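A look at the structure
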Amino acid sequence: GSRGSSRGSSRGGGGWSNDLVPVVRDFYMQSKRKGVIPQYHQPYPGETEQLQQQEVEWDKAKNVKVQRVRNSMGDFLDSQEAAYRFDSDDLQRIQERRDAYLRVMEEEKRHYVETQKAEAKTRTDRQVAVADEIEGERQMFRAHVTDVAMARLEHYNYCDKIRAEKVHLTALKKKRAEYRDRINQVKRLFKKTQSSLDKIQAVIAKDEFLFEPQRVKQVHYKKRAEFVKQLEDFESELAAKESAIHEWTQEVARVEK
């Protein structure tokens, strides 16, 4: 045996192992009893019949187990059905317990929904408050930035502003002087027109005293009406000019301050 194993190991090469000896021995004995198969994947003589016989025995055993399981399941279902047989009172109690359970579940559901709504409203109010606060801060910062920008712009344009104010003051003073000159002129014209009106009034009064009114020259009445109209125009112009001068004087004083 040791010689055979040593010779076999020398013939088999480095892949031979002593663990293969039982396998080779079984193969040898099997081949001696039944013969050697032509190829490794072909069955031995009689192996097919043996496998078929085994399948038949397995099917018989399976059928027996299946029948046993079916019988056991039937007995179980019968016992379960017998356990769940109730009379009318039992069914009523079951229905009452079911209704009570549904009422409890409905109450819990309603309480849960109300709680969730309250929490959602609280979160929404808080989010709205935070958003309003952020928007208020943003507007405040924007207004502050605008104030700073306007202050910088005013600082940069201060010289231009002073120059523009000087030009504006010069124009106001010039127009105020022009209006004052016009007021003096209108006053002189007013006195002259008033004197002419007095004279024409005296002529009309004399003619009306000496003659009948229809014999007074119409040109006198026309001139008197013209003088009255001129005096009214002068008065309205004086009032407008004096009001404008008063406003400009206040504006000049405010700018110079």
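Overview of the overall build of the protein
Looking only at helices and strands, one finds 6 helices and 0 strands in the protein. Residues classed as buried in the protein amount to 11% of the 257 residues present. When the accessible area of the protein is evaluated, it comes to approximately 21,900 Å², of which 55% is carbon and sulfur surface.

Some details on the pattern of salt bridges
Evaluation of the coordinates by the stated rule reveals 7 salt bridges. A salt bridge links Lys229 to Asp233; its shortest N-O distance comes to 3.0 Å. In this pair, Lys229 and Asp233 both sit in helix α6 (residues 218-256), 4 residues apart, roughly one turn of the helix. Look at Asp233 and you get partly exposed, because its relative accessible area is 34%.

Describing the confidence of the model for the protein
On average, the protein scores 79 in pLDDT, and the residues at 70 or more come to 83%. By mean pLDDT, helix α1 (residues 2-12) is the weakest element of the protein at 47, and helix α4 (residues 88-156) is the strongest at 88. A low-confidence stretch, residues 1-10 stays under pLDDT 50, and its non-local contacts, those more than four residues away or across chains, total 4 contacts.

The rules we used
- Residues numbered from 1 in each chain as written.
- Predicted model: local features only at pLDDT ≥ 70, side-chain atom pairs only at ≥ 80, totals over all residues.
- Heavy atoms only, no water.
- Helix = DSSP H or I, 4+ residues; strand = E, 2+ residues; numbered from the N terminus.
- Buried < 20%, exposed > 50% of the residue type's maximum accessible area, 1.4 Å probe, protein only.
- Areas by Shrake-Rupley, 256 points an atom, 1.4 Å probe, with all protein chains shown as cover.
- Salt bridge = Lys/Arg side-chain N within 4 Å of Asp/Glu carboxyl O.
- pLDDT = per-residue confidence, 0-100.
- Contact = heavy atoms within 4.5 Å.

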